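Observations on the model geometry
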Amino acid sequence: MALFTSKPDDFPTILQGKRVLLTTESLGPVNGVSRTTLSLVEYLRRNGVDLAVVAPHYQGFRNQAQDAADMRIPGCPLPYNPDLTIVYPFRLDNVYKQTFQPDIIYVASPASLGFQILLQTRQLRKPPTVLLNYQTDLSAYSEIIFPAPLDRFAVWLLATVQGFLFSHPAVHTIFYPCSAVLNYLKDAGAPVERTVLLGRGVDTSLFNPAHRDIAYRREIAPNGEIILVSVCRLAPEKGFEFLAEATIRLAEQKVPFKLLIVGGNRNPAVENGIHRLFDAVKEQVIFTGFLTGQALARAYASGDIFLHCSITETFGLVVLEAMASGLPVIARDQGGPSDIVQHQKTGYLVPPNDIATFVGLAREVSIDSQLRFTLCTSARRYAEDTTWEKINNRVAWQMASALEQRSVEERLASSEPAVANFMLPILEKLRLTLAVGLVYFMWLIAVIPLIIHGQRIVPRALELVHNIPLIGRCIRYRAR
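Every value quoted in this text rests on a predicted model; they were computed, and no experiment measured them.

Here we come to the packing of aromatic side chains. In total, this model carries 10 aromatic pairs according to the counting rule given. Seen from their ring centres, F278 and F287 are 5.8 Å apart, and the 75 degrees between their planes marks the pair as edge-to-face. Within the aromatic cluster, the residues linked to one another by ring pairs are Y134, F166 and Y184. Positioned above the aromatic ring of F164 is the side chain of R122, whose terminal nitrogen or guanidinium carbon lies 3.8 Å from the ring centre.

Now the structure itself:
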């Protein structure tokens, strides 16, 4: 396992003019992967890298990320989350024809697109250097989404595929966001010696306490209630049943609060199901839908406490954005937030299923303004040292290291006598064809069942979040 040593803040000149093919599973939707990748895209282009960006088709509303891709590959949107697309089988040489033959391939959050890129790269005689950023815990999602025993099969299949693809010699670096992901990569058989810890950055100018809007606060909380904030996509795996239970208990304890929930889902059934979880406290909950830019920054900064209830985040960019906005964070202690939140300094980490402690801390911070101020100050100070410029500079230097290593390897290879074989190009094309055939086979045994199951996933997912204990508590609260 490698950690970054101190590097110059300057951009590595070896990268200027180099051709980098960047692929990402998400560029357009409002999520952490999309925002993280867009930041890197802008940084590399601003510093003179010849960058081509490949991403799946996205049919949502247009934004800055939407226009950043040079090539969009068609696919099938997931029924329970139309923002994510499983790309259809494609050939890497066709991608090269529409972009270029790269010096480096950077794979962000590998899934259906990244897996195909990595599989076909293995078939090349002289594959480019590959760096990948493991940002999405597909295994955790599989355990939540699929029923038994399909969930165990999905977890096993993912680990097998990832361990195989990540182990190829062309893969120079595997970025990981938190210790929990590193443990998963070890278990999957990924080469730990190539792993590099990489956090996330935050725009401390955009996400800033200065954007606190008193008029907006009065609109949300006209009676001076404390404003709790939650920002994430509305989806069953984001812990909304936990959040609903917590808010109901706060209401029972007569804590004066308003809960601002920022986020949405392009599947109305899922979105409406999440809304219904809060029926018992609907007068105290405000759903804003998707927000971006200044509107999102205002929502963060106008709050008082950030509540993070998801346990499937590999990093949790929203936690860092909240801290940059001057909000203390109360989070369940699992996944990425465990490595961000400094317990009792910038907020609190609570055992994942300990809702009583979670509610108790939310109540304590709500009523103790001096404690809240102390946590806010520390949260902002922590975020100020975590800018996108610093994070992206680390990625650039790792790319530079990969190029230098490849240059040494090529010099050593050039000293050996060359063996001419006219069959090699033919064999390479045959291997690529077989690799694409394997992808079609995986569609048959894994992807098509996933899509068919996805047609039924929404009602099942809503059944999961509308659990019996929560319904009982809602009924008790309504009767008060």
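We are not done yet, so read on.
This paragraph deals with the domain arrangement of the protein. It is common to give the size of an interface as the accessible area that goes away when the parts come together. Structurally, the protein comprises domain 1 (14-201) and domain 2 (209-385). On a C-alpha basis, the centroid separation for the pair domain 1 and domain 2 is 29 Å. At the interface, 27 residues of domain 1 touch 20 residues of domain 2. Summing both sides of the interface, domain 1 and domain 2 together bury roughly 1,900 Å²; the carbon and sulfur share of this comes to 60%. A per-residue breakdown of the area domain 1 buries against domain 2 is headed by V30, R35 and Y141, which together make up 26% of the total. There are two salt bridges connecting domain 1 and domain 2.

A word on the packing of helix α13 (residues 355-367) against helix α14 (residues 369-384). Remark: α13 packs on α14, axes separated minimally by 5 Å, with the N-to-C direction vectors making an angle of 100 degrees. Here α13 lies roughly perpendicular to α14, going by the angle between them. Contact with α13, carried on its side by E364, V365, S366 and I367, involves S369, L371, R372 and L375 of α14 and no other residues of that element.

This part is about the nonpolar core. One finds Y106, F306 and M399 to be the most contacted residues of the largest nonpolar core, which totals 64 residues. Ignoring any residue separated from it by four or fewer positions in sequence, one finds M399 in contact with L15, V20, L44, I104, Y106 and L131. In this structure, V95, L118, L124 and A190 belong to the second largest nonpolar core, which totals 54 residues.

With that settled, consider the sheet that holds strand β1 (residues 19-24). The strand order β3-β2-β1-β6-β7-β8-β9 describes an open sheet built from seven strands, whose pairing is parallel. Whereas interior strands pair on both sides, the edge strands pair on one side only; in this sheet they are β3 (71-73) and β9 (195-197). Neighbour to neighbour, the strand axes of the sheet diverge by 20 degrees on average, direction disregarded. Sheet topology places β1 next to strand β6 (residues 104-108); five bridges connect them, and they run parallel. Its bridge partner lying in β6, V20 is registered against I104. Across the face of the sheet, helix α15 (residues 388-414) comes into contact with β1, β6, β7 (129-133), β8 (171-176) and β9 while running at roughly 160 degrees to β8.

Feature annotation in UniProt places "transmembrane region" (unreviewed entry) on residues 432-452, given in this structure's numbering. End-to-end, the C-alpha atoms of residues 432-452 are 28 Å apart, and along that stretch the chain is 100% helix and 0% strand.

This part takes up a nonpolar patch on the surface. A cluster of nonpolar residues, F422, M423, L424, I426, L427, L430 and L434, forms a patch on the protein surface that exposes about 680 Å² of accessible area. Along the chain, the position of I426 falls in helix α16 (residues 423-465). With relative accessibility at 48%, the residue I426 sits in the partly exposed group.

With respect to the element layout, I311 can be found in the loop between β13 (305-308) and α11 (317-324). For I311 and K238, which are 73 residues apart along the polypeptide, the C-alpha to C-alpha distance reads 7.0 Å. Not counting chain neighbours up to four residues away, the residues in contact with I311 comprise R332, Q334 and P352.

Attention now goes to the pairing of β6. Burial of β6 is extensive: five of the five residues sit out of reach of the surface. Of the two faces of β6, the one holding I104, Y106 and A108 and the one holding I105 and V107 are both buried throughout. One ladder, built from five bridges, connects β6 with β7; its direction is parallel. Across the sheet, the residue bridging to I105 is V130, located in β7.

A separate point is the sheet that holds strand β10 (residues 226-231). Taking strand neighbours across the sheet as the criterion, the six strands line up as β12-β11-β10-β13-β14-β15 in an open arrangement whose pairing is parallel. Both outer strands of the open sheet, β12 (285-289) and β15 (347-350), are each paired with one neighbouring strand and no more. Neighbour to neighbour, the strand axes of the sheet diverge by 20 degrees on average, direction disregarded. Here strand β14 (residues 329-332) runs beside β15; their pairing, made up of four bridges, is parallel.

Another aspect to go through is the state of the cysteines. Within the structure shown, the criterion is met by zero disulfides. The thiol of C232 is unpaired, and the distance to the nearest cysteine sulfur, on C309, comes to 8.4 Å.

This part covers unusual backbone geometry. Phi angles above zero are rare outside glycine, and K254 is one such case at about 65 degrees. Of note, K254 is situated in the loop between α8 (240-252) and β11 (257-262). Despite not being glycine, Q344 shows a phi value in the positive range, around 70 degrees. By the secondary structure assignment, Q344 is in the loop between α12 (337-340) and β15.

What counts and how
Residues numbered from 1 in each chain as written. Predicted model: local features only at pLDDT ≥ 70, side-chain atom pairs only at ≥ 80, totals over all residues. Heavy atoms only, no water. Phe/Tyr/Trp six-rings, centres within 6.5 Å; stacked < 30°, edge-to-face > 60°. Lys NZ or Arg CZ within 6 Å of the ring centre and 35° of its normal. Domains from an automatic or database assignment. Contact = heavy atoms within 4.5 Å. Buried area = accessible area lost by both parts, 1.4 Å probe. Salt bridge = Lys/Arg side-chain N within 4 Å of Asp/Glu carboxyl O. Axes fitted to C-alpha atoms, helices over the stretch in contact; angles between N-to-C directions. Helix = DSSP H or I, 4+ residues; strand = E, 2+ residues; numbered from the N terminus. Parallel < 35°, antiparallel > 145°, perpendicular 65-115°, else oblique. Core = buried A, V, L, I, M, F, W, Y, C linked by side-chain atoms within 4.5 Å. Buried < 20%, exposed > 50% of the residue type's maximum accessible area, 1.4 Å probe, protein only. Pairing = 2+ DSSP bridges. UniProt positions renumbered as here; feature names shortened; annotations may be inferred. Patch = residues over 30% accessible without salt bridge, like charges linked within 9 Å, V, L, I, M, F, W, Y side chains within 5 Å. Areas by Shrake-Rupley, 256 points an atom, 1.4 Å probe, with all protein chains shown as cover. Disulfide = S-S within 2.5 Å.

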